[in-house]
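Examination of the molecular architecture
So you can see what is in the structure, the chains are spelled out below.
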Number of protein chains: 2
Amino acid sequence: MTVDLAAVDAWWRAANYLSAAQLYLLDNPLLERPLAAEDIKPRQLGHWGTSPGLTFMMAHTNRAIAERRRPMLFVAGPGHGGPAVIANSWLDGSYSERHPDVDRSRAGLRELFRQFSFPGGVPSHAAAPIPGSIHEGGELGYSLAHATGAAFDNPDLTVVCAVGDGEAETGALATSWHSHRFLRPGRDGAVLPILHLNGYRIAAPTILGRMERDEIEALFRGYGWEPYLVEGDDPRTMHREMAATMDACLDAQDRIARTGEGRPPMIVLRTPKGWTGPKEVDGEPVEGTARAHQVPLKVAPDDAERRRQLEDWLKSYDPLDLLPDGSPSKQVMSAVPDGDLRLGATPHADGGRLSRPLDLPGTEGHAVPIETRGGATASATGVLGAWLAEVMRRNPETFRLFGPDETKSNKLDAVFDVTERKAPGPVAETDTDLAPDGRVLEVLSEHLCEGWLEGYLLTGRHGLFNSYEAFIHIIDSMANQHIKWMREARDTGWRSSIPALNWLLSSHVWRQDHNGFTHQDPGFLDHLATKGADLVRLYLPPDANSLLAVAETALTSRDRANCIVAGKQPEPQWLSLEEAREHLDRGFGVWDWAADDADPEIIIASAGDVPTLEALAAVDLIREDVPELRLRFVNVVDLMALQPPGLNADGASDEAFDAAFGTRTPVIFNFHGYPGLIHELAYRRAGHAQLHVHGYREKGTTTTPFNMAEMNGIDRFSVALDAIERSGRSGPGVDRLRQRVDDLRQRQHDWSHRTGEDLPEIRDWAWRGR
Amino acid sequence: MTVDLAAVDAWWRAANYLSAAQLYLLDNPLLERPLAAEDIKPRQLGHWGTSPGLTFMMAHTNRAIAERRRPMLFVAGPGHGGPAVIANSWLDGSYSERHPDVDRSRAGLRELFRQFSFPGGVPSHAAAPIPGSIHEGGELGYSLAHATGAAFDNPDLTVVCAVGDGEAETGALATSWHSHRFLRPGRDGAVLPILHLNGYRIAAPTILGRMERDEIEALFRGYGWEPYLVEGDDPRTMHREMAATMDACLDAQDRIARTGEGRPPMIVLRTPKGWTGPKEVDGEPVEGTARAHQVPLKVAPDDAERRRQLEDWLKSYDPLDLLPDGSPSKQVMSAVPDGDLRLGATPHADGGRLSRPLDLPGTEGHAVPIETRGGATASATGVLGAWLAEVMRRNPETFRLFGPDETKSNKLDAVFDVTERKAPGPVAETDTDLAPDGRVLEVLSEHLCEGWLEGYLLTGRHGLFNSYEAFIHIIDSMANQHIKWMREARDTGWRSSIPALNWLLSSHVWRQDHNGFTHQDPGFLDHLATKGADLVRLYLPPDANSLLAVAETALTSRDRANCIVAGKQPEPQWLSLEEAREHLDRGFGVWDWAADDADPEIIIASAGDVPTLEALAAVDLIREDVPELRLRFVNVVDLMALQPPGLNADGASDEAFDAAFGTRTPVIFNFHGYPGLIHELAYRRAGHAQLHVHGYREKGTTTTPFNMAEMNGIDRFSVALDAIERSGRSGPGVDRLRQRVDDLRQRQHDWSHRTGEDLPEIRDWAWRGR
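Residues numbered from 1 in each chain as written. Chains lettered and ligands numbered in written order. Predicted model: local features only at pLDDT ≥ 70, side-chain atom pairs only at ≥ 80, totals over all residues. Heavy atoms only, no water.

Named according to an unreviewed UniProt entry, chain A is Phosphoketolase family protein originating from Histidinibacterium aquaticum. Taken verbatim from the UniProt record of chain A, the Cofactor (unreviewed entry) comment is "thiamine diphosphate". Comment text from UniProt for chain A, heading Sequence similarities (unreviewed entry), reads "Belongs to the XFP family." (UniProt positions renumbered as here; feature names shortened; annotations may be inferred.)

Here you go:
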């Protein structure tokens, strides 16, 4: 079929009318009578400037879908153009299907306008309540990464991605232009970016908006694209050019998918900001300037002259012709595809609908056999890697691993038995684990790893992002925004749940080797904790089997953000797989094999692999010299379980908490992260005042593992002495212990300063079991 | 003078020897006897791969400085090439001046090698202990932004910036290439980026390393640079080409500084990774591959064959010729500049030495007169803006304002009476407050704002970064790294203190208007709190005069990160300037004019402008119906003062804390941010269990201001009812209050859902004073 460009124009004008009217109107939605004061919102909130450009791009995307019957997804980078995105899905009918009170009638139209940026209504951005959106676009920078993530393993999908020239200044977006190098033509879908040069941010011109044409072309050729420029403000000419350009681009994408060769096309669209809006207000130019960014014409409801100006503007779209009786005219509807091909109805934008559970291999075959506690040694991430390789083998189209070049150094390289890294360019003879069709995505940009993964999850697939612990802070803000999206999506009631966002943080604060202080930061846990336990889980598996149990849970969970911190170095192993699963179910628990006095004087608790090792070594030290001290040992694997049920529906009951941690017994809590977090989570518990947390005190450098522990007081000596101190015990055993600690500390200091290594009897300490 | 290229080569080989030897040697620093097992570090930690490229760039920078007598600063983006940066400053003598035990002798050389990545020694990156460094380079991405920040207002300085091709993949770096558009030739210094294409990250090839030459050239032309390519592996040819290219670039910079015209030069340097290191190990290629990234040749100390291979490699540099007796030969020294021109000695890299205090105008003339409490209305940031304009007028070369296009929307636009935004391109007739020599730096990249400001501060100048509160999370990680740098710098003992890093967060969680949930996030406070009160301050000024007092303190403080959260909307004013200053001095205090019963039943506390307004309105409500309730009102302006002296040397004493907050009286604490933070800061206080915090509960959308407060329970009604509830009071007054609250809530709901505005009697509530 062919769509008439006059119909595209009618659709566009209708969408522009709807976009503008959402900012202003409480009533009189078709302007069938003169605008009265009570028709106007007293507070006018929203963004006009980007909207007509977005509607223009969506109009032409609709045309292309209708003509080619090809599924497309539209990502609106300038998500503050919410009015435009809402307008599109209302016109194509998908909005009313999700929001029946906002139907395509005069009354529905009235509600469409009234609800926008209004108490009890809908937010101003391309948020989760809008069908067809996977990208809220509030925090700028992630559109192209999301679009790319959506395209992976979706060979039949074209993702059209509007990128604002404001957004294009962000770091995340600036590196996102390299994303196409990670798409495999034929296996993955295509991304068609449209850089929208409307020239201005909220108050000033953009960098890209002021670049010369040849500089723009050079920049995008340099990024590896073939840029097509469409530029102007005359609608007729622009429709013709845009349609021809879209066709050329989609044809080029087809060719590339077929042959695997060629530079992918992208469009640079230059139109006036606030196109078709007020040209001037009070003698100041508005259209084509930053003044068009938000509300271009402020209308005090009782100002008749302003109301007339607004009416003139709105009537310029001829609403009664486009929306007779409040529903789109036949001509308008002839420009829009139908069924699931509608941008508002594509199942890719409600990824949960398409999402199948992973085919997960059993973990049993990968578990480390535990014959004696601490007897076996294993790298937790190494064990996980072998299991992940199986996951990748069984799910060759729905699971991906993302990371900034650390798959190997984080010991997950067993996955390279199954697939390779995706090569972003030619492969050299000396390269290893690198191929044009590799499914592991490595790029030294946490923004891209995160953005691609989010796009992949939002369209219903599964994945894991492995990162250095310290540098995951680079995407703090993206984590916020994704969790906020999940919250809003859940609140819609109609969106399907999506697979969990999983981070595996390795190369963590306590084991750095080649790196120093800048690589030592466990604060991502603190950051996530603020977002709420209904959507966030923080896992600190103490050993390899615990990591396997956590990974199983993480990869089957939905609508959740799971942060898993696990070491990559060989460490002693404590729990069988079965024990690890039970431990995880409870979140924390007494390790009776380590210490479980019925009436403890001191409780030693731990969370995190290295703190657990040190805490157990402290128990060992105490047992040697002060065997009469009545001890209990508690380990925490699911940190959010410390929160009471009032703050976390899955949090441990007060009974369970008190049974493990007591209410009056001093607890020495050896923690992986900043001590404050434990207090933040547990402050409502009865025994809170008795919690004494050892953790990271923001001290570090390039040094030995034990020296790092010592600098921050999570080492076995500090824990043992604190336990003794708080028990109030004294006597010859205690004196012996202090003496031994003094001696060991001195010998460790001397040895490490001579050899650069930890004292063998510290490094090779083994749990002796009791 | 002319430096002989043979000398440059000798210097380079010496630096390469020093770089390699730091990874390996405990002793025998000049290889004067065969390498024995005890000469070798058992744990070899560091990064060789990038080092010879860095030494090459530094060699040629030294040559250019020596020949031109022009001050230069070298920023090593790949900061893990610490061995190279240390080698340079040891060779130019500056290292030994700061570290006298590491002198230029045989013994000093031994210590230089031994200390590297060693317990009690120095870290592996270009960290603060290395003179000449302002950039640790551990978290990649910020080198070019730091370099640009250093160049602002330093017309005589050239900043040479090595950018690794790994780092070039990060978002922050990808957008940093636009930074030159913000430098004003003639007024600002020049930045000479050298993109180092050594082709590999830790385990795989880089994107830029695999791009075709014409794509690379197009990319950098598109970014606005004139790229010069230097490529090869033959040292003689490479020295000639690099020297000629550096000369051409520096000449071009001079021309641009003189004429204001021309594309700034940059260099693309392609050399093998691990250049001059082992070509092969065990039959696998190493030089020129990712295997050269860290330690290219693992040497077990007792493996004689490996020792021999190491010896062969190290001897290939001819150390005894270059470093006879352990100090650099005459030839080597002839390639290095002298005095403060040495890269290790430039005062720009120890900015505190150059830094003068700001000439600050008095705030008195800007203060809002307070005749009755809450009687005046003012925009806090608007008041601050007028004062900042004066600051900018008085300090035209040492103070800058940074922000992502929000100077105006955050109401700081009074500064535009003094200067403009820097135009990143041509200025159009319709532009306002935009000029080629504007000193306000706006770009829609928080990374650039932060990175430029950090570079500006590290070289001794002053500044303020204003941002949307939610989106400051984009630079969480940069904040971490800068604070870690300040901590390390302070610990050196010899670095001078630098001006504070100041963030002004406006458009905060409680006042969003045009935007919704994604723009509502107060978690930067939580993030910073983990970094420690010795370096961090969190300010929540309750009104305009308090903001002035805070700003004065912030702009005079040093070695500190100050986060200031303040609204931009017109709000009632509470404190005179003098009161505000006293209040700030104490950090928190009782507002006796609001409520100060000698024996309170309930304490109402607040932190943040909107929570304070609501808390005072709650007091007002209670007074109306339950006047007998014995109340006290406490406000907190300096959040870290809640921490006890054990955690914050400037924290309030327990006496002061208890005097305000009591130990057994219930405290309803109405807080700007996430409630957990108050518990995290105050958990050690005696009355902690009595603290009941209302704060942001992660709920929001585009709605009215009061509706936002209500959704999260920081509104006057929630506070008043909670206070009554916890007082245990009942009776007719309490019933009346509940009735009135029910009625007001209903009317607010109806009114706001009808008009989109808050109920006038809520919106226009005024403190009635008692």
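Having seen the model, we can carry on.
**Looking at the overall build of chain A**
When you go through chain A residue by residue, the secondary structure sums to 25 helices and 22 strands. Over its C-alpha atoms chain A spans a radius of gyration of 30 Å, differing by no more than 12% from the 27 Å that the globule rule assigns to 770 residues. Projecting the C-alpha coordinates of chain A onto the three principal axes gives extents of approximately 95 × 65 × 45 Å. Taking the contacts inside chain A whose residues are at least 6 apart along the sequence as the reference set, 77% of them involve residues at least 24 apart. Once the 80 positive and 112 negative side-chain charges of chain A are each reduced to a mean point, those two points are 2 Å apart. (Helix = DSSP H or I, 4+ residues; strand = E, 2+ residues; numbered from the N terminus. Rg over C-alpha atoms; globule rule 2.2 N^0.38 Å. Contact = heavy atoms within 4.5 Å. Lys, Arg positive; Asp, Glu negative; His and termini not counted. Charge placed at Lys NZ, Arg CZ, Asp CG, Glu CD.)

**Observations concerning the domain arrangement of chain A**
Along its sequence, chain A is carved into domain 1 (5-18 + 47-350), domain 2 (379-572) and domain 3 (589-763). When each unit is reduced to the centre of its C-alpha atoms, the spacing between domain 1 of chain A and domain 3 of chain A is 56 Å. (Domains from an automatic or database assignment.)

**A closer look at the interface of chain A and chain B**
Interface size, as often reported, equals the accessible area lost upon joining of the parts. Listed per partner, the contact involves 116 residues of chain A and 116 residues of chain B. Taken as a group, Arg43(A), Leu444(A) and His514(A) account for 8% of the area that chain A buries against chain B, more than any other trio of residues on that side. Scanning the region where chain A abuts chain B turns up 46 residue pairs in polar contact (both at pLDDT 80 or more). The biggest single contributor to the side of chain A that touches chain B is helix H15 (residues 476-492) of chain A, with 7 residues. A breakdown of the residues in the side of chain A that touches chain B according to their chemical character gives 40 nonpolar, 47 polar and 29 charged. (Buried area = accessible area lost by both parts, 1.4 Å probe. Polar contact = N/O pair within 3.5 Å; in protein donor to acceptor, adjacent residues only side chain to side chain. Nonpolar A, V, L, I, M, F, W, Y, C, P; charged D, E, K, R; others polar.)

**Here we look at the state of the cysteines**
All chains considered together, the criterion is met by 0 disulfides over all chains. The closest cysteine sulfur to the non-disulfide-bonded Cys249(A) is located on Cys161(A), 14 Å from its own sulfur. (Disulfide = S-S within 2.5 Å.)

**Overview of the sheet that holds strand E1 (residues 72-76) of chain B**
One key point about sheets: their strands pair by backbone hydrogen bonds, in either a parallel or an antiparallel sense. All names here are of chain B. On the basis of which strands lie adjacent, the open sheet formed by 5 strands has the order E1-E2-E3-E5-E4 and parallel pairing. The open sheet has two free edges, formed respectively by E1 and strand E4 (226-231), since each of these has just one partner strand. Across the sheet, the axes of successive neighbouring strands diverge by a mean angle of 20 degrees, strand direction being ignored. Bridge count between E4 and strand E5 (residues 265-270): 6 bridges; the pairing is parallel. (Pairing = 2+ DSSP bridges. Axes fitted to C-alpha atoms, helices over the stretch in contact; angles between N-to-C directions.)

**Focus on the relation of the copies chain A and chain B**
The pair of chain copies shares a relation made of a rotation about an axis and a shift along it. Of the transformation superimposing chain A on chain B, the axial component is 0.0 Å and the angular component is 180 degrees, with the fit at an RMSD of 0.0 Å. This pairing of chains is accounted for by a two-fold axis. Minimal C-alpha distance to the rotation axis in chain A is attained by Gly171(A), lying at 2.0 Å. In this assembly, 100% of the residues forming the interface of chain A have copies in chain B that are likewise at the interface, indicating an isologous arrangement. (Least-squares fit on C-alpha atoms with pLDDT ≥ 70 in both.)

**Thoughts on the packing of aromatic side chains**
To describe a pair of aromatic rings, you give the distance between the ring centres and the angle between the ring planes. Residues and elements named next belong to chain A. What the rule picks out here adds up to 61 aromatic pairs over all chains. Judged by centre distance (6.5 Å) and plane angle (45 degrees), the rings of Trp 574 and Trp 765 are tilted. Of this pair, Trp 574 sits in the loop between strand E17 (570-572) and helix H18 (577-586) while Trp 765 sits in the segment after helix H25 (760-763), placing them 191 residues apart in sequence. Looking at Trp 574, the relative accessible area reads 1%, which means it is buried. (Phe/Tyr/Trp six-rings, centres within 6.5 Å; stacked < 30°, edge-to-face > 60°. Buried < 20%, exposed > 50% of the residue type's maximum accessible area, 1.4 Å probe, protein only.)

**Regarding the sheet that holds strand E20 (residues 631-636) of chain B**
Residue and element names in this part refer to chain B. Taken together, the 5 strands give an open sheet; going across it, the order is E18-E20-E19-E21-E22, and neighbouring strands pair in mixed fashion. Each edge of the open sheet carries a strand with a single partner, namely strand E18 (588-590) and strand E22 (691-694). Along the sheet, successive strands turn relative to each other by an average axial angle of 20 degrees, direction set aside. Sheet analysis places strand E19 (residues 602-607) next to strand E21 (residues 667-671), joined by 5 bridges and oriented parallel. Paired with Ile 604 across the two strands is Ile 668, which belongs to E21.

**Considerations on the packing of helix H14 (residues 446-458) of chain B against helix H15 (residues 476-492) of chain B**
Residue and element names in this part refer to chain B. For the pair H14 and H15, interaxial distance at closest approach is 11 Å and the crossing angle is 10 degrees. Accordingly, the angle class assigned to the pair H14 and H15 is roughly parallel. Judged by residue contacts, His 447, Glu 450, Gly 451, Glu 454, Leu 457 and Leu 458 of H14 engage Met 478, Ala 479, His 482 and Trp 485 from H15. A class-by-class count of the residues in the contact of H14 with H15 yields 5 nonpolar, 3 polar and 2 charged. (Parallel < 35°, antiparallel > 145°, perpendicular 65-115°, else oblique.)

**Quick word on the side chain of Gln569(A)**
Residues and elements named next belong to chain A. Along the chain, the position of Gln 569 falls in the loop between strand E16 (561-565) and E17. For Gln 569, a relative accessible area of 18% translates into the label buried. A polar contact of 3.4 Å, which involves the side chain of Gln 569, links it to the side chain of Asp 513. Those residues in contact with Gln 569 that lie beyond four places of it in its chain are Ala 378, Ser 379, Ala 380, Lys 411, Arg 511 and Asp 513.

**Some remarks on the pattern of salt bridges**
Any two side chains of opposite charge can pair, on the condition that their charged atoms come close. Under the definition given, this model contains 137 salt bridges over all chains. Across the pair Glu231(A) and Arg270(A) runs a salt bridge, and its minimum N-O distance is 3.6 Å. Residue Glu231(A) is located in strand E4 (residues 226-231), and its partner Arg270(A) is located in strand E5 (residues 265-270); the two are separated by 39 residues in the primary sequence. For Glu231(A), a relative accessible area of 40% translates into the label partly exposed. Judged by its relative accessible area of 24%, Arg270(A) falls in the partly exposed class. Asp247(B) is the salt-bridge partner of Arg63(B), the closest N and O atoms lying 2.9 Å from each other. Here Arg63(B) is found in helix H2 (residues 51-68), whereas its partner Asp247(B) is found in helix H9 (residues 235-259), with 184 residues between them in sequence. Residue classification places Arg63(B) among the buried residues on the basis of a relative accessible area of 4%. (Salt bridge = Lys/Arg side-chain N within 4 Å of Asp/Glu carboxyl O.)

**As for the nonpolar core**
By size, the foremost hydrophobic cluster in this structure holds 198 residues, and its most contacted members are Trp503(A), Phe669(A), Trp503(B) and Phe669(B). Excluding residues that lie within four positions of it along the chain, Phe669(B) makes contacts with Ala605(B), Ser606(B), Ala607(B), Val636(B), Leu642(B), Phe661(B), Ile678(B), Leu691(B), His692(B), Val693(B) and His694(B). (Core = buried A, V, L, I, M, F, W, Y, C linked by side-chain atoms within 4.5 Å.)

**A look at helix H17 (residues 544-556) of chain A**
Taking 1.5 Å as the rise per residue, H17(A) with 13 residues should run 18 Å; its terminal C-alpha atoms sit 19 Å apart, in good agreement. Listing the buried residues of H17(A) in full gives Ala544(A), Asn545(A), Ser546(A), Leu547(A), Leu548(A), Ala549(A), Val550(A), Ala551(A), Glu552(A), Ala554(A) and Leu555(A). (Expected span 1.5 Å × (residues − 1).)

**Observations regarding the pairing of E1(B)**
Residues and elements named next belong to chain B. Among the 5 residues that make up E1, 5 are buried, leaving the element largely enclosed by the rest of the structure. Where burial is concerned, the two faces of E1 agree: the one with Met 72, Phe 74 and Ala 76 and the one with Leu 73 and Val 75 are both buried. Sheet topology note: the E1/strand E2 (residues 158-164) ladder contains 5 bridges and is parallel. When the sheet's bridge partners are listed, Met 72 is paired in E2 with Thr 158.

**Observations regarding the environment of Ile472(B)**
Residues and elements named next belong to chain B. Examined against the element boundaries, Ile 472 turns out to sit in the loop between strand E13 (462-468) and H15. Ile 472 sits in the buried class, given a relative accessible area of 0%. Taking the C-alpha atoms as reference points, Ile 472 and Gly 149, 323 residues apart in sequence, are found 19 Å from one another. Not counting chain neighbours up to four residues away, the residues in contact with Ile 472 comprise Phe 465, Ser 467, Trp 503, Leu 505 and Phe 524.

**Looking at the environment of Cys563(A)**
All names here are of chain A. Note on placement: Cys 563 falls in strand E16. Taking the C-alpha atoms as reference points, Cys 563 and Val 536, 27 residues apart in sequence, are found 7.8 Å from one another. Ignoring anything within four residues of it in the chain, the contact list for Cys 563 reads Trp 503, Leu 505, Phe 524, Leu 525, Leu 528, Arg 537, Leu 538 and Tyr 539.

**Describing unusual backbone geometry**
Residues and elements named next belong to chain A. Even without glycine at this site, Ser 117 takes up a positive phi of about 50 degrees. Turning to its location among the elements, Ser 117 is positioned in the loop between helix H5 (106-115) and helix H6 (143-151). A positive phi angle, near 75 degrees, is found at Thr 276, a position not held by glycine. Inspection of the secondary structure puts Thr 276 in the loop between E5 and strand E6 (280-281).

**Quick word on the pairing of strand E3 (residues 190-197) of chain B**
Residue and element names in this part refer to chain B. With respect to burial, E3 is a largely interior element, 7 of its 8 residues being buried. Where E2 lies against E3, 7 bridges are found, and the strand directions are parallel. Opposite Val 163, over in E3, you have Leu 195 as the bridge partner. Taking the sense of rotation as the criterion, the β-α-β connection linking E2, helix H7 (residues 171-176) and E3 turns out right-handed. Of the strand pairs in this sheet, E3 and E5 are connected by 4 bridges, and their pairing is parallel. Across the sheet, Leu 197 pairs through a bridge with Arg 270, a residue of E5. (Right-handed = clockwise from strand over helix to strand, strands pointing away.)

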